[in-house]
Amino acid sequence: MNVDPRVQASLLELAAVDTELTQIAHRRKNLPEQAEVEKLDAERISRKDAAVTVQIAMDDLDRDIKKLEGEVDAVRQREDRDKKLLESGTVAAKQMSELQHELGSLERRQGILEEELLEVMERREASETDYNHAGAQLTQIDEELIDAGRRRDDAVADVDTAEKRAAGRRSELAGTFPEDLLAMYEKQRALSGRGAALLQARRCGACRIELDRGEISRIAASPADQLVRCSECNAILVRTKESGV
């Protein structure tokens, strides 16, 4: 294929724009700002789960406290009833002895229950401290997540702007090439990622391989408007004064 050397040279600009678009796509896919958002989001889920776990523990302790308080109250009511019977003077001696024995048992039972209640209440207080701490951590991570999301959105907007500019320039350039040349370029770019490259100091700018003397002689002997391709990667080679041929 014969192509005006100036048109061939324009392929280098098209290749540069395509390289830029590839880099932009890579950046979009690997935004550190997005990775930070995902990291913080995972940490937020972890902290929220921790807070929920503590809340469940607190609910269980609240039920235990309510149960123990009910048992303590029942023992006290029983004690009050027995004491009133003793104070009434209407009970027989045998019943009085039984009431006194029961009061002793109730007193011991109350002491045990109150100790258990105190222990559970202390655990409840410790759990509440943990819950408040987890809540503070969750609030902090929420704030960090908002800031990270804002930075991510700014980064995405920058990528969008760069991509729109590069895509617009590519569209302008693509319209200046003959259809058969552009088709050849696009096919090669799809195969290897680079459709055209500069031949510089006997080295292909696409695959970076230095061409042998025989290949360089062949290229040097080709007319300036003849399209030449790399014998290694098949990219279109654009010759300039830097090519060394």
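Placed above this text is the structure.
Everything numeric in this text was worked out from a predicted model, so none of it was measured.

Calculation notes
Residues numbered from 1 in each chain as written. Predicted model: local features only at pLDDT ≥ 70, side-chain atom pairs only at ≥ 80, totals over all residues. Heavy atoms only, no water. Helix = DSSP H or I, 4+ residues; strand = E, 2+ residues; numbered from the N terminus. Buried < 20%, exposed > 50% of the residue type's maximum accessible area, 1.4 Å probe, protein only. Contact = heavy atoms within 4.5 Å. Expected span 1.5 Å × (residues − 1). Polar contact = N/O pair within 3.5 Å; in protein donor to acceptor, adjacent residues only side chain to side chain. Pairing = 2+ DSSP bridges.

Peer 1: So, the environment of Glu-69: which residues are in play, and what are the values?
Peer 2: Tracing the sequence through the fold places Glu-69 in helix 2 (residues 32-88). For Glu-69, a relative accessible area of 41% corresponds to the partly exposed category. Taking the C-alpha atoms as reference points, Glu-69 and Glu-36, 33 residues apart in sequence, are found 49 Å from one another.

Peer 1: Which residues make up the environment of Arg-44, and what values go with them?
Peer 2: Looking at where Arg-44 falls in the secondary structure, it is placed in helix 2. With 100 residues separating them along the chain, Arg-44 and Glu-144 place their C-alpha atoms 9.8 Å apart. What Arg-44 contacts, discounting residues up to four positions off in sequence, is Leu-138, Ile-141, Asp-142 and Leu-145.

Peer 1: So what's going on with helix 1 (residues 5-29)? Residues and values would help.
Peer 2: The first and last C-alpha atoms of helix 1 sit 37 Å apart over 25 residues, in line with the 36 Å expected at 1.5 Å per residue. All of the buried residues in helix 1 are Gln-8, Leu-11, Leu-14, Ala-15, Val-17, Asp-18, Leu-21 and Ile-24. Buried residues along helix 1 sit against helix 3 (93-174), helix 4 (179-192), strand 1 (196-200) and strand 4 (236-239). With a side-chain oxygen positioned 2.7 Å from the backbone nitrogen of Arg-6, the residue opening helix 1 is Asp-4.

Peer 1: So what's going on with the pairing of strand 1? Which residues, and what values?
Peer 2: When you tally the buried positions in strand 1, you get 4 out of 5 residues, the bulk of the element. Here 4 bridges tie strand 1 to strand 4, and the two strands are oriented parallel to one another. Paired with Ala-196 across the bridge in strand 4 is Ile-236. In terms of strand pairing, strand 1 meets strand 2 (residues 203-204) through 2 bridges, oriented antiparallel. In the strand pairing of strand 2, Gln-200 is matched with Arg-203. In textbook terms, the turn of a hairpin is the stretch between consecutive antiparallel strands, and for strand 1 and strand 2 this stretch comprises 2 residues, one of which, Ala-201, has a positive phi near 50 degrees.

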